[in-house]
Amino acid sequence: MIEARSISKFFSVINEKGLAEGLTAVLNVSLTIPDGKIVSILGPSGCGKSTFLEILAGLQAPTDGAIHIDGKLVLEPLPATRKEQIAYRRRYRFISPLANGVFRDHPKHDIAMIFQDYAVFPWMTALQNVVFALKLRNAERGAVKLKNREIEEKALFYLNRVDLAASAHKYPSQLSGGMRQRLALARALSVEPKIILMDEPFAAVDALTREKLQDELLRLLDETGKTGAPITVVLVTHDPQEAVYLSDEVIVFSPGPGTIRNRIPVTVKRPRARTDAELLETQDRILAMFQYDINQEADYSI
Ligand SMILES: Nc1ncnc2c1ncn2[C@@H]1O[C@H](COP(=O)(O)OP(=O)(O)OP(=O)(O)O)[C@@H](O)[C@H]1O
Ligand SMILES: [Mg+2]
């Protein structure tokens, strides 16, 4: 279970006069996501979706609040410089009695993330991309150590699952946009994570490919759920249709600063038809909400 408690994130930015000013990217977001659910975060550009997802992943620290996964606190990556070290100690001083243990056994959460822009490494072939992820996972403390040959077999197995086995030795630049996204998906699935965080994974492909990728994602999650532990997915998108079709729940963010504007459960049984009346109705409700927000925004700027 993922629990976000009162997450806020403030940035300081330099304005056009050269003065530092505060920017609130995420404000007081509390959210609980049960295991095995697909939850979408939907909202207009700049409302703090990516920031919130990176906080969930432990890639950024929240200014306020905390994330717990299965009851364990998510910490940002360990500090690299002395300055970061001081800031890190200060931030976590309240857990100091535990600090040594916490810092040494920095809790590892089983998370794979697919980023908005650079989903795969362009200088590695498809196979090398997946092998790389598996080797990183292999090097972690407590991991079941695999031999190189086993890693390669596993990488090929997951490439096969996304229909990329024939392109294993191609570089990302030699793949289509949809194939690159499937590669990112294979890499995320290959480490058999408990949680996959996806930041607009299908935004850059055409509408038909997007629908195909969405169905493939659902199929892969379903297959994985049947054989092993179910995977929890948090998906950031600004496409209401995608959110409604894929999710068990849609979290609608308000325009920046990101706060939860609405939580909309989608209870339609799977497999779903894209033309399902209830799905379309939910989608319309969300669109109406968006329109209202955008018009409100426009009023402010007059
Ligand atoms: N490192 C940073 N420093 C300062 N401001 C930042 C930083 N990262 C993000 N922001 C600001 O925080 C706000 C939220 O950004 P974020 O990337 O989370 O939005 P988003 O909802 O993912 O948008 P999009 O849909 O366009 O990807 C934006 O106003 C952005 O300019
Ligand atoms: Mg983003």
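Residues numbered from 1 in each chain as written. Chains lettered and ligands numbered in written order. Predicted model: local features only at pLDDT ≥ 70, side-chain atom pairs only at ≥ 80, totals over all residues. Heavy atoms only, no water.

**Q** Explain the site of ligand 1 to me, please; I cannot follow it from the model alone.
**A** Lining the immediate environment of ligand 1, one finds 14 residues, of which Ser-45, Gly-46, Lys-49, Ser-50 and Thr-51 sit closest. Between Ser-50 and ligand 1, the recorded distance is 2.7 Å, taken from a side-chain N or O atom to an oxygen atom. Every element with two or more residues in the shell around ligand 1 is listed here: strand 1 (2-14), strand 2 (20-33) and helix 1 (49-57). Of the residues forming the shell around ligand 1, the biggest block, 3 residues, is contributed by helix 1. Of the residues contributing to the shell around ligand 1, the split by class is 6 nonpolar, 6 polar and 2 charged. (Near = heavy atom within 4 Å. Polar contact = N/O pair within 3.5 Å; in protein donor to acceptor, adjacent residues only side chain to side chain. Helix = DSSP H or I, 4+ residues; strand = E, 2+ residues; numbered from the N terminus. Nonpolar A, V, L, I, M, F, W, Y, C, P; charged D, E, K, R; others polar.)

**Q** Help me understand the sheet that holds strand 10 (residues 260-265) in this model?
**A** Backbone-to-backbone hydrogen bonds pair the strands of a sheet. The strands run either parallel or antiparallel. Taking strand neighbours across the sheet as the criterion, the 6 strands line up as 6-7-8-3-9-10 in an open arrangement whose pairing is mixed. Edge positions in the open sheet fall to strand 6 (111-114) and strand 10, since each of these has one partner strand only. Sheet twist, expressed as the mean angle between neighbouring strand axes with direction ignored, is 15°. Across 4 bridges, the pairing between strand 6 and strand 7 (residues 195-199) is parallel. Across the sheet, Ile-111 pairs through a bridge with Ile-195, a residue of strand 7. (Pairing = 2+ DSSP bridges. Axes fitted to C-alpha atoms, helices over the stretch in contact; angles between N-to-C directions.)

**Q** Looking at this structure, how should I read a nonpolar patch on the surface?
**A** Taken together, the side chains of Phe-11, Val-13 and Leu-23 make up a nonpolar region of the molecular surface, amounting to roughly 210 Å² of accessible area. Turning to its location among the elements, Leu-23 is positioned in strand 2. (Patch = residues over 30% accessible without salt bridge, like charges linked within 9 Å, V, L, I, M, F, W, Y side chains within 5 Å. Areas by Shrake-Rupley, 256 points an atom, 1.4 Å probe, with all protein chains shown as cover. Salt bridge = Lys/Arg side-chain N within 4 Å of Asp/Glu carboxyl O.)

**Q** So what exactly am I meant to see when it comes to the pattern of salt bridges here?
**A** Side chains carrying opposite charge are able to pair once their charged atoms draw close together. Applying the stated criterion across every chain, the model contains 13 salt bridges. Measuring nitrogen to oxygen at the nearest pair gives 2.9 Å for the salt bridge that ties Arg-270 to Asp-248. Of the two residues, Arg-270 sits in the loop between strand 10 and helix 9 (277-301) while Asp-248 sits in the loop between helix 8 (240-246) and strand 9 (249-253), which places them 22 residues apart along the sequence. The partly exposed category is assigned to Asp-248, whose relative accessible area is 21%. A salt bridge links Glu-249 to Arg-263; the shortest N-O distance between them is 2.8 Å. Remark: Arg-263 occurs in strand 10 and Glu-249 occurs in strand 9; sequence separation between them is 14 residues. On the basis of relative accessibility, which here comes to 17%, the residue Glu-249 falls in the buried class. Taking relative accessible area as the criterion, Arg-263 reaches 36% and is therefore assigned partly exposed. A cluster of three or more residues bridged by salt bridges with shared partners is formed by Arg-161, Arg-219 and Glu-223. (Buried < 20%, exposed > 50% of the residue type's maximum accessible area, 1.4 Å probe, protein only.)

**Q** Just checking my understanding: could you explain the pairing of strand 4 (residues 64-69) for this structure?
**A** The two faces of a sheet get side chains in turn, since along a regular strand they alternate between them. Relative to strand 4, strand 1 is paired through 5 bridges, and the arrangement is antiparallel. The residue of strand 4 that forms the bridge with Ser-8 is Asp-64. Pairing between strand 4 and strand 5 (residues 72-73): 2 bridges, direction antiparallel. Residue pairing for strand 5: His-68 is matched across the bridge by Leu-73.

**Q** Looking at this structure, I do not really get the sheet that holds strand 5. What am I missing?
**A** Taken together, 4 strands build an open sheet; the order of strands is 2-1-4-5 and the sheet is antiparallel. Edge positions in the sheet fall to strand 2 and strand 5, since each has one partner strand and no second. Bridging between strand 1 and strand 2 involves 10 bridges; their strand directions are antiparallel. Bridged to Ala-4 within strand 2 is Leu-31.

These figures come from the coordinates and say nothing about function on their own.
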